[in-house]
Amino acid sequence: MDVPQLIISNENLKDAIAKHLSSLVIDQEKLTRLRAVFEDEVEKGIESGLSNSSIQMENTYITELLDGSETGDYLALDLGGTNFRVILVRLLAGRIQKEIIDYYSVAESLRLGPGADLFLFLAECIQHFCNKNSVSAETEISLGFTFSFPMVQHALDVGVLVNWTKSFNCPGVIGEDAVKLLNDSLAKLGLKHIKVVAILNDTTGTLVAGVHDYPDCGIGLILGTGTNGAYLENISRIKRWESGSREGVSSVIVDPEWGAFGDNGTIDFIKTDWDRELDGESLLPASFTYEKYFAGRYLGELTRLVLKSVFTPELLGDCPPGILQKESIETKDVSDISQDILNDGREKTGELLTKLGSSNKDAVSVLQYIVELLVERASILVGVPMASFLDRMDRPSTTIAVTGSLYKYHPSLKSKLECKIGRMTDKPFKFGLSDDGSGKGAGLVAAIAKRIVQRN
Ligand code: GLC
């Protein structure tokens, strides 16, 4: 990890703070160990899923990408964050001709309330969308459902929720098939012409949408509220297969769910007291701990917890009231601070500290140092799965289709990632932004799924 410079004139204080924060550094030895554990967990996950690994490695049953034959209108849903999207995708010969997108905000009461209410709300949004955009109720229309949570997939259109992540925790859904719950709600509203043909993860959608824009795309990466990355796995390595024929199939998209990497304690050697504190205070403790190291839902709060710990009598003195307040630093503040670091400036960092009630003269440097350490660490933690998958796929070139608020709004994460991945693998790669990939991808997957089902 490239360790940043801490600029404080008092040498003793500088050394004491650097020492206090040193557990955030992932040195070469830890990195080598981390990579080896990741690859071991991937193998075990492929073999037997969560029963023997923290990385699920779920088979998505998406065995084909676009072949140019996809034509017609498809509906797509995208649920995973605080916004729910309904999309109509019009395809002609595998190319997107037109897209209509509507956004519906998912209130906290729905994200934490009974599952039946959430799925009824989704169906009501679809109904509203279809009425508003004159989607005919006379003709059957295929729908792809992006449901960005860990699922066990028994088929293309069966996804049983393993557990909630991010800001959702609705009782009554874990262990249930999300497609069935959606179908029940659609039926209640009389929307029988809508046929859910595939359920997928946002990373899968991003990968398929990525292929639409970049033919050599092989990975779909999400760096947003949560984090995960799907890739194309060679069919010969897939052990768990329950539905449909695998004859003539050469590869399948795998959804690793690496946000849960280390939930079984295998990488506790990188875990700091701040990571433990953040996890303990989170909505779903001890679950999806890898994404709690850096994903958008957590990075701001993690920064606050680390900063708070520097305000002790031996280091920066009394803690200002704002820094004691939960979630007073947001992930977008982290992006602003990184922008200051890039500009060699102090403006945004200073404004934030003033807002939080700090006037300590060294606080700006310390906060910038903390942010740089956390973003460096994030780039390594994302780099490990990316480099491992690039090595596994062993292709002459690969575009990593990527989206998510953390990636899009952070000013230096992309270049740090390029640098770290480049050091971890010699396989050529580049990033390709796939805005709205998870939604668009659901429409494309619906078209592909319809084709696979018709053939089987
Ligand atoms: C969480 C979800 C995963 C999703 C990721 C990015 O990790 O469990 O399914 O892909 O967030 O949204």
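Everything that follows concerns the structure shown earlier in this document.
A. Structural view of the overall build of the protein. On a plain count of helices and strands, the protein comes out with 15 helices and 13 strands. Taken along its principal axes, the extent of the C-alpha atoms in the protein is 75 × 45 × 40 Å. Relative to its full complement of 456 residues, the protein shows a buried share of 48%.

B. Region of interest: the pairing of strand β10 (residues 227–234). For β10, the buried fraction is high: 7 of the 8 residues fall into the buried class. The turn linking strand β9 (residues 217–223) back onto β10 is made up of 3 residues. In this sheet, strand β11 (residues 251–255) lies alongside β10 in antiparallel orientation, the contact comprising 4 bridges. Across the sheet, the residue bridging to L232 is I253, located in β11.

C. Expanded view of helix α7 (residues 273–281). What α7 keeps buried is the set W274, D275 and L278. Projected down its long axis, α7 shows its buried positions confined to an angular sector of 100°, all on one face. Facing away from the buried side of α7 by over 90 degrees, the exposed positions are D273 and G280. Residues of α7 that are buried sit in contact with α8 (299–310).

D. Region of the structure containing the site of the ligand. Not every one of the 18 residues close to the ligand is listed here, only the nearest: T165, I222, G226, N228 and G259. Looking at the shell around the ligand, the elements that each hand over two or more residues are α6 (202–213) and β10. The residue makeup of the shell around the ligand, split by class, is 4 nonpolar, 10 polar and 4 charged.

E. Main features of the packing of α8 against helix α10 (residues 331–343). One can describe the packing of α8 onto α10 by two numbers: an axis separation of 6 Å at closest approach and a directional angle of 70°. The pairing of α8 with α10 is recorded here as roughly perpendicular in orientation. Together, L299, G300 and T303 of α8 and T331, D333 and V334 of α10 make up the contact between the two elements. For the contact of α8 with α10, the residue count by class is 2 nonpolar, 3 polar and 1 charged.

F. Main features of α8. Here α8 spans 17 Å end to end across 12 residues, near enough to the 16 Å set by a 1.5 Å rise per residue. Looking only at α8, the buried set comprises L299, E301, L302, T303, R304, L305, V306, L307 and V310. On its buried face, α8 is in contact with α1 (11–20), α7, α9 (321–324), α10, α12 (363–393) and α13 (405–409).

G. View of the nonpolar core. Core analysis: the biggest nonpolar cluster contains 127 residues, and F145, L182, I370, V445 and A446 have the highest contact counts within it. The element that contributes the greatest number of residues to this core is α12, accounting for 19 residues. Setting aside residues up to four positions removed in sequence, A446 forms contacts with Y74, A76, S142, L143, G144, V197 and A198.

H. The sheet that holds strand β13 (residues 429–433), seen in detail. Read from one edge of the open sheet, 6 strands run β1-β11-β10-β9-β12-β13, paired in mixed fashion. Edge positions in the sheet fall to β1 (58–59) and β13, since each of these pairs with one other strand and no more. Bridge count for β9 against β10 is 5 bridges, and the pairing is antiparallel. Residue pairing in the sheet places I219 in a bridge with Y231 of β10. Contacts between α6 and the sheet are confined to β9, β10, β11, β12 (398–403) and β13, with β9 contributing the most and set at about 135° to the helix.

I. Quick peek at the sheet that holds strand β5 (residues 141–147). Spatially, β4-β3-β2-β5-β8 is the arrangement adopted by the 5 strands of the open sheet, whose pairing is mixed. Each edge of the open sheet carries a strand with a single partner, namely β4 (95–105) and β8 (194–200). Neighbour-to-neighbour, the strand axes of this sheet turn through a mean angle of 20°, independent of strand direction. The pairing of strand β2 (residues 72–79) with β5 spans 5 bridges and is classified as parallel. Within β5, the residue paired with A76 across the bridge is G144. Here helix α4 (residues 115–132) sits on the sheet and contacts β2, β3 (83–92), β4 and β8; the angle it forms with β3, its principal contact strand, is near 45°. Packing against the sheet, helix α15 (residues 437–455) makes contact with β2, β3, β4, β5 and β8, and its axis sits at approximately 130° to β5.

J. Quick peek at the pairing of strand β7 (residues 158–161). Residue alternation in β7 divides its side chains into a buried set, G159 and L161, and an unburied set, V158 and V160. With 4 bridges joining them, strand β6 (residues 151–155) and β7 adopt antiparallel strand pairing. Paired with Q153 across the strands is G159, a residue of β7. Hairpin remark: β6 followed by β7, antiparallel, with 2 residues in the connecting loop.

K. Structural context of unusual backbone geometry. With a phi angle near 65°, Y61 is a residue other than glycine that sits in the positive phi range. With respect to the secondary-structure elements, Y61 resides in the loop between β1 and β2. Assessed through the 24 C-beta atoms surrounding it within 10 Å, Y61 is described here as buried. Residues other than glycine seldom take positive phi values, yet D394 does so here, at roughly 50°. Relative to the elements of secondary structure, D394 occurs in the loop between α12 and β12. With 10 C-beta atoms packed within 10 Å, D394 lands in the exposed category.

L. Spatial organisation of the packing of α6 against α15. The contact between α6 and α15 brings their axes to 7 Å, and the two run at 75°. Classed by the angle they form, the pair α6 and α15 counts as roughly perpendicular. Residue-level inspection shows D202, T204, G205, T206, V208, A209, G210 and H212 of α6 in contact with α15, the latter providing G437, S438, G439, K440, G441, A442, L444 and V445.

What counts, and at which threshold
- Residues numbered from 1 in each chain as written.
- Predicted model: local features only at pLDDT ≥ 70, side-chain atom pairs only at ≥ 80, totals over all residues.
- Helix = DSSP H or I, 4+ residues; strand = E, 2+ residues; numbered from the N terminus.
- Buried ≥ 20, exposed ≤ 12 C-beta atoms within 10 Å, placed from the backbone.
- Pairing = 2+ DSSP bridges.
- Arc of directions from axis to C-beta.
- Contact = placed C-beta atoms within 7 Å.
- Near = placed C-beta within 6 Å.
- Nonpolar A, V, L, I, M, F, W, Y, C, P; charged D, E, K, R; others polar.
- Axes fitted to C-alpha atoms, helices over the stretch in contact; angles between N-to-C directions.
- Parallel < 35°, antiparallel > 145°, perpendicular 65-115°, else oblique.
- Expected span 1.5 Å × (residues − 1).
- Core = buried A, V, L, I, M, F, W, Y, C linked by C-beta atoms within 7 Å.

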